[in-house]
Amino acid sequence: MRLLLEKRSEHSHTMVYLSPVIAIGLTLVTGAIIFAFDGLNPLEALYVYFLEPLKYLWTFAPDDLWSLEQLAVKAAPLALIGAGLSVSYLANVWNIGAEGQLTAGAIFGSAIPVMFPEWQSPLTLVLMLVFGVLGGMAWASIPAFLKNRFGASEILTSLMLVYVAGLLLDWLVRGPWRDPGGHNFPQTIAFSDWQLLPSFDGTLHIGTLFAVIAAAALTVLMGRSLKGFEIRVLGASPRAGRFAGFSRKGAVWFCFMLSGGLAGLAGISEVMSTVGQLQPSISPGYGFTAIIVAFLGRLNPIGALVAALALAISYLGGEAAQVSLQISDKIAKVFQGILLFYILACDSMILYRPRLIFNRAPAAVPAE
Amino acid sequence: MVTENPEYLLEALHVVKVFGTLRANDDVTLRVKPGEIHAFLGENGAGKSTLVKMIYGALQPTSGEFRWKGKSVNVGNPAAARKLGIGMVFQHFSLFEALTVAENIALAMPGDFDMAKLSEKIARVSKEYGLPLEPTAIVADLSVGERQRIEIVRCLLQEPRLLIMDEPTAVLTPQEADQLFVVLNRLSREGCAVLYISHRLEEVKRICHNATILRHGKVVANVDPTLETAASLARLMVGADIHVVHTVREQSEGAARLKLDNLNLPADGPFVVELKNISLEVKAGEVIAIAGVAGNGQSELFDAISGERPLARDAMISFDGRPSGRLGVNARRNVGAAFVPEERLGHGAVPGFKLSENVVLTRHSSDRSLVKMGMLQSGGATVVSERVIKAFDVRKGKPDPEARALSGGNLQKFVIGRELDRKPGILVVNQPTWGVDAGASATIRQAIIDLSRDGSAVLVISQDLDEIYEVADRIAVISRGQLSETYRANEISLQQIGLLMAGAHEVKEARHAATA
């Protein structure tokens, strides 16, 4: 008996949407097994991890609303970055360094309050956001340039630049940008007023809106515009793209500027809301988790929005598991990794139909 | 049935292989004697590779029988073939560039091995056969010819009784090819049979003892190549029964709409043919066909004309008198040119895109109804797509399927129809009916002729001589990146074309040298 993957004549639309569902199911089963090995009640652990954060949906208790807002706040950067990465990956441009672009955006945008702490005007806020976007773009321009000029793999260069950005941030907050009145803590001054994003009720801030706007805009871009068509053609079939007169190099630039800019916007938004200042760590790995968001969301910007909510649960659940189950919140990373693994595996069923073959061993050659 | 000393080493008897509706091999019988170099000839798509893959166990026949030394065998996989004593050198090498010669060979050896002993054996065998190889050399540093030696030595180490070679000289320089022939002759003297697949007829005449010729999946002849001429072999390959239906049409003395003037294009990779001093004029109202054996610069010429690879000077190519050598493909489309490449899937169309989306692929800059202010007008694309589908009778399973779901012939009709629908002033088509069934071929050829009669200039690049005679007013032949003069279709015989195809480039160079 063996398993055979048969090529389908067209890709299966059902599997495109079923694949992430199966992957999530398999991730839950695997998670339950891991919890059981840890000596926990698997069902209870899964409840704490995945359902407790959503409790408000059936209790409507005002006390539970908070965790739902937390969910939106955590999903926002994931969706913002994931939407940009979706476009990139559709074009076969593998930007793996969104975490670095996020950091660069946070640094560029924060330069304004750090250098002009007294400047308070609506323009401060706008300029910080713009600088954040430009910072992400600038950081993303390095792998784009290296790719087009020297053919360097953008996977490696963009990934390595994550660590460069991390070290740059570390140096800044411990050195030149350290808050003079901050008792030597490695952080900048705390931002205030127009240096922060306005929030609706303390937790939920307008940064979440950016994610929704970006997802809608990118959906139109990819589905309706010639630029989106160009990106899709170049990703699906580079030779046909050249025949259509589309520039591969142009697409590399476009994708890195778009995904880098959105990552930068996510970075500065985090600093201007949840974090409130620059410090050595400003993101729990949103830039990396967004890669999973992009795939779980079927490389579709609206899909990324939905997937971001699912992945945000893994962060919240990780925190909850740490508190009530006494297990390390690193479990969140484990779940994210398992999920990505299962999605990629299940995606092979979009173009291939799995079939079990019984008793058809290759015919033997008669002995001489 | 089983004899002690069978006359034939390998027999393929009445082999049939069906892929969907295509009979790739139709009652093919091939017999190879021990120690003979047996040529296996045929055009692209004639079914040579299909049969060879079945002999090597990579495919299973639909029906028919294989016999090895007189005994019926069922070759289930390549390992079984190797066990019998069948070795194969593929056209595209399967080597790891980062590993050494010995490591690459070790990977293919069954069971355990001792690296030192293996290296010593490689050095010995390769030296013995005049195929010098350094076992510790890294493959990435080796030339194409040396890489082929690795593949050959890899087969020789297994002491094969039959060596299959798939177009081995396609990637070799003439000097390397000469070395290879020495090795093949020696193998043959030692009793190892060689099944030699090639398009190059002069070579076949030179080294082969026997030739089986395949056409459209059927064996059409089994001849002694030393008694044939290259031209007669070519005629057998493309069909001796060609009925020249072509009637000379009134020669229109239109203006030159497409002009190539000393077009040169250097090779930009190891398997790319350099184009040398190509000059050609295609006039309004005529069809010119370029014949030639595959891999002699046809796709490079297509890329140069379409603008996928821009040229060094504008003057090298003109559309309606406009020098356009450095323009991109869309700029050329916008002046009224249209292009249809050889590869339908992945070049002429995106496999995973719907037909209506594939309309946008080549018409987004020339067709105002498709794109407005940078936004796609999906209605416009659907209208065009449906018009093409109707005009060319494209058969499909659902209203707007993905390109890959169509059969080869139907997709080709769509891809050509998409360009003809624009009524282009200049049309360039590479292999218009490659792998397409007879009905669709006739439709496509008729459409090409009709377009030219309406005043367009049409350039057809084709390997199919039937097709060339059917559509062309004038014929030129390309070989090794050089184009012959053009001849009136009624003034050039199949024999002459065969000669030009088979190796006339030396002749041509000599003539050029003489006239220079």
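Just so it is clear, the structure is predicted and the values come from calculations on it, not from any experiment. As a convention, each chain's residues are numbered from 1 in the sequence order in which they are written. As a convention, the first chain written is A and the first ligand written is 1, with the rest following in written order. Two thresholds apply to this predicted model, a pLDDT of at least 70 for residue-level local features and 80 or more for giving and counting side-chain atom pairs, whereas whole-chain, interface and lining totals are computed over all residues. To obtain the side-chain values, all non-hydrogen atoms of the structure were used and water was disregarded.

Digging into the overall build of chain B
Next, step 1: Labels follow the DSSP assignment, with helices taken as runs of H or I lasting at least four residues and strands as runs of E lasting at least two, numbered in each case from the N terminus. Counting secondary structure elements, chain B contains 16 helices and 23 strands.
Next, step 2: Out of the 516 residues in chain B, the part that is buried amounts to 56%.
Next, step 3: Sequence-distant contacts, at least 24 apart, represent 67% of the contacts inside chain B between residues at least 6 apart.
Next, step 4: By element, 52% of the accessible surface of chain B is carried by carbon and sulfur atoms, the whole surface being about 21500 Å². Relative accessibility decides the category of a residue: with a 1.4 Å probe and only protein chains considered, values under 20% of the type maximum give buried, values over 50% give exposed, and everything between is partly exposed. Any two residues whose heavy atoms approach within 4.5 Å are treated as being in contact. Areas reported here follow the Shrake-Rupley algorithm with a probe of radius 1.4 Å; residue values treat only the protein chains shown as occluding.

Quick notes on the side chain of S324(B)
Residue and element names in this part refer to chain B.
Next, step 1: Locating S324 in the fold gives a position in the loop between β15 (322-323) and α10 (329-334).
Next, step 2: For S324, a relative accessible area of 1% corresponds to the buried category.
Next, step 3: Those residues in contact with S324, other than ones at most four positions away along the chain, are D314, I317, S318, F319 and R332.

Overview of the pattern of salt bridges
Next, step 1: Salt bridge, as applied in this entry: a Lys or Arg side-chain nitrogen positioned within 4 Å of an Asp or Glu carboxyl oxygen. Under the definition given, this model contains 35 salt bridges over all chains.
Next, step 2: When the shortest N-O distance is used, the salt bridge between R242(A) and E308(B) registers 3.8 Å. On the criterion of chain membership, the pair formed by R242(A) in helix α10 (residues 238-243) and E308(B) in the loop between α9 (298-306) and β14 (317-319) is interchain, its members lying in two chains.
Next, step 3: The salt bridge involving E65(B) is made with R67(B); its shortest N-O contact spans 3.2 Å.
Next, step 4: Several salt bridges converge on common partners, so that one network encompasses R239(A), R242(A), D303(B) and E308(B).

Re the sheet that holds strand β3 (residues 37-42) of chain B
Residue and element names in this part refer to chain B.
Next, step 1: The rule for pairing is simple: two strands pair if DSSP sees at least two bridges between them. Strand order across the open sheet formed by six strands is β6-β7-β8-β3-β9-β10, with mixed pairing between neighbours. If you trace the sheet from one side to the other, it starts and ends with β6 (86-89) and β10 (218-223), each paired once. The sheet shows a mean angle of 20 degrees between the axes of neighbouring strands, taken without regard to direction.
Next, step 2: Sheet topology places β6 next to strand β7 (residues 162-166); four bridges connect them, and they run parallel. Within β7, the residue paired with G87 across the bridge is L163.
Next, step 3: Of the strands in this sheet, β6 and β7 are in contact with helix α5 (residues 144-156), which crosses β6 at around 175 degrees. Only the contacting stretch of a helix is used when fitting its axis, a line to C-alpha atoms as for every element, and angles between N-to-C directions run 0 to 180 degrees.

Thoughts on the interface of chain A and chain B
Next, step 1: Facing the 28 residues of chain A at the interface are 41 residues of chain B.
Next, step 2: For any pair of parts, buried area is found by adding up, for both, the accessible area (1.4 Å probe) each one loses once the two are put together. A buried area of about 2900 Å², summed over both sides, lies between chain A and chain B, and 58% of it is on carbon and sulfur atoms.
Next, step 3: Considering only the side of chain A, the residues that lose the most area to chain B are E10(A), F229(A) and F243(A), jointly responsible for 26% of the buried surface there.
Next, step 4: In this assembly, chain A and chain B are joined by five salt bridges.
Next, step 5: With a shortest N-O distance of 3.1 Å, R239(A) and D303(B) are connected by a salt bridge.

Some points on helix α9 (residues 226-236) of chain A
Next, step 1: Counting buried residues along α9(A), nine of its eleven residues qualify, which places the element largely inside the surrounding structure.
Next, step 2: Among all positions in α9(A), only L226(A), G228(A), F229(A), E230(A), I231(A), R232(A), V233(A), L234(A) and G235(A) are buried.

Description of the layout of surface pockets
Next, step 1: Taken as a whole, the second largest pocket holds about 1600 Å³ of empty space.
Next, step 2: Residues are said to line a cavity or pocket when one of their atoms sits within 4 Å of a point; the points come from a 1 Å grid over protein atoms alone, cavities being sets where a 1.4 Å probe fits but cannot get out and pockets being open sets with protein on both sides within 12 Å along at least five of seven lines. Lining the second largest pocket are 42 residues, and of these H11(A), L90(A), R232(A), R298(A) and F353(B) lie nearest its centre.
Next, step 3: If you list the elements that add at least two residues to the lining of the second largest pocket, you get α1 (13-37), α4 (62-90), α8 (207-224), α9 and α14 (331-351) of chain A together with α11 (355-363) and α12 (378-391) of chain B.
Next, step 4: Here the lining of the second largest pocket gets five residues from one element, more than from any other, and that element is α14(A). Grid points are joined across faces, edges and corners, and a volume is the space filled by probe spheres set on the points.

A few points about the packing of aromatic side chains
Next, step 1: Pairing of aromatic side chains requires ring centres within 6.5 Å, counting the rings of Phe and Tyr and the six-membered ring of Trp. Pairs whose planes differ by under 30 degrees are stacked, by over 60 edge-to-face, and all others tilted. Throughout the structure, instances matching the rule amount to 17 aromatic pairs over all chains.
Next, step 2: Residues Y49(A) and F335(A) carry aromatic rings whose centres are separated by 4.7 Å and whose planes lie at 55 degrees to one another, so their mutual orientation is tilted. Residue Y49(A) is located in helix α2 (residues 42-51), and its partner F335(A) is located in helix α14; the two are separated by 286 residues in the primary sequence. The exposure classification of Y49(A) matches that of F335(A), with both residues buried.
Next, step 3: On the numbers, 5.5 Å between centres and 25 degrees between planes, the contact of Y89(A) with F295(A) is stacked. Of this pair, Y89(A) sits in helix α4 while F295(A) sits in helix α12 (residues 286-296), and the two are 206 residues apart along the sequence. Neither residue differs from the other here; Y89(A) and F295(A) are each classed as buried.
Next, step 4: A connected cluster of aromatic rings, assembled from ring pairs, spans F35(A), Y49(A), F50(A) and F335(A).
Next, step 5: By definition, being over a ring means that NZ of Lys or CZ of Arg is both within 6 Å of the ring centre and within 35 degrees of the ring normal. The cationic tip of K227(A) hangs over the ring face of F254(A); the distance from NZ or CZ to the ring centre is 5.0 Å.
Next, step 6: Here the basic side chain of R333(B) rests over the ring of F243(A), its NZ or CZ set 4.7 Å away from the ring centre.

What to know about the domain arrangement of chain B
Next, step 1: As annotated, the domain borders come from an automatic or database domain assignment. As far as domains go, chain B holds domain 1 (10-238) and domain 2 (256-515).
Next, step 2: Between the C-alpha centres of domain 1 of chain B and domain 2 of chain B there is a distance of 33 Å.

Considerations on the confidence of the model for chain A
Next, step 1: Scored by pLDDT, chain A comes out at a mean of 90, with 97% of its residues at no less than 70.
Next, step 2: On a scale of 0 to 100, pLDDT captures the predictor's confidence in every residue. A low-confidence stretch, residues 360-368 of chain A stays under pLDDT 50, and its non-local contacts, those more than four residues away or across chains, total 14 contacts.

Observations regarding the environment of M15(A)
Residue and element names in this part refer to chain A.
Next, step 1: Turning to its location among the elements, M15 is positioned in helix α1.
Next, step 2: The exposure class assigned to M15 is buried, which follows from its relative accessible area of 9%.
Next, step 3: Along the chain, M15 and T59 lie 44 residues apart, while their C-alpha atoms are 34 Å from each other.
Next, step 4: In this structure M15 touches R8, P20, I22, C346, M349 and I350, once residues within four positions along its chain are discounted.

What about the pairing of strand β9 (residues 210-215) of chain B?
All names here are of chain B.
Next, step 1: With six of six residues buried, β9 lies mostly within the body of the structure.
Next, step 2: Here β9 shows a buried face lined by N210, T212 and L214 and a second buried face lined by A211, I213 and R215.
Next, step 3: Pairing of β3 with β9 involves five bridges; the strand directions are parallel. Across the sheet, F40 pairs through a bridge with T212, a residue of β9.
Next, step 4: Sheet topology note: the β9/β10 ladder contains five bridges and is antiparallel. Paired with A211 across the strands is V223, a residue of β10.
Next, step 5: The hairpin turn running from β9 into β10, its antiparallel successor, is two residues long, and H216 in that turn takes a positive phi close to 50 degrees.

Section: the side chain of R332(B)
Residues and elements named next belong to chain B.
Next, step 1: Here R332 lies in helix α10.
Next, step 2: The side chain of R332 is buried and forms no salt bridge, while D314, the nearest opposite charge, is found at 6.7 Å.
Next, step 3: In the analysis that follows, any N or O atom pair within 3.5 Å is treated as a polar contact, provided that within protein one partner can donate a hydrogen and the other can accept it, and provided that, for residues neighboring in sequence, both atoms belong to side chains. A polar contact of 3.1 Å, which involves the side chain of R332, links it to the backbone oxygen of S324.
Next, step 4: Beyond its immediate chain neighbours, meaning those up to four positions away, R332 contacts A304, I305, S306, G307, I317, F319, S324, G325, R326, L327, A337 and F339. The charge count treats Lys and Arg as positive and Asp and Glu as negative. His and the chain ends do not count.

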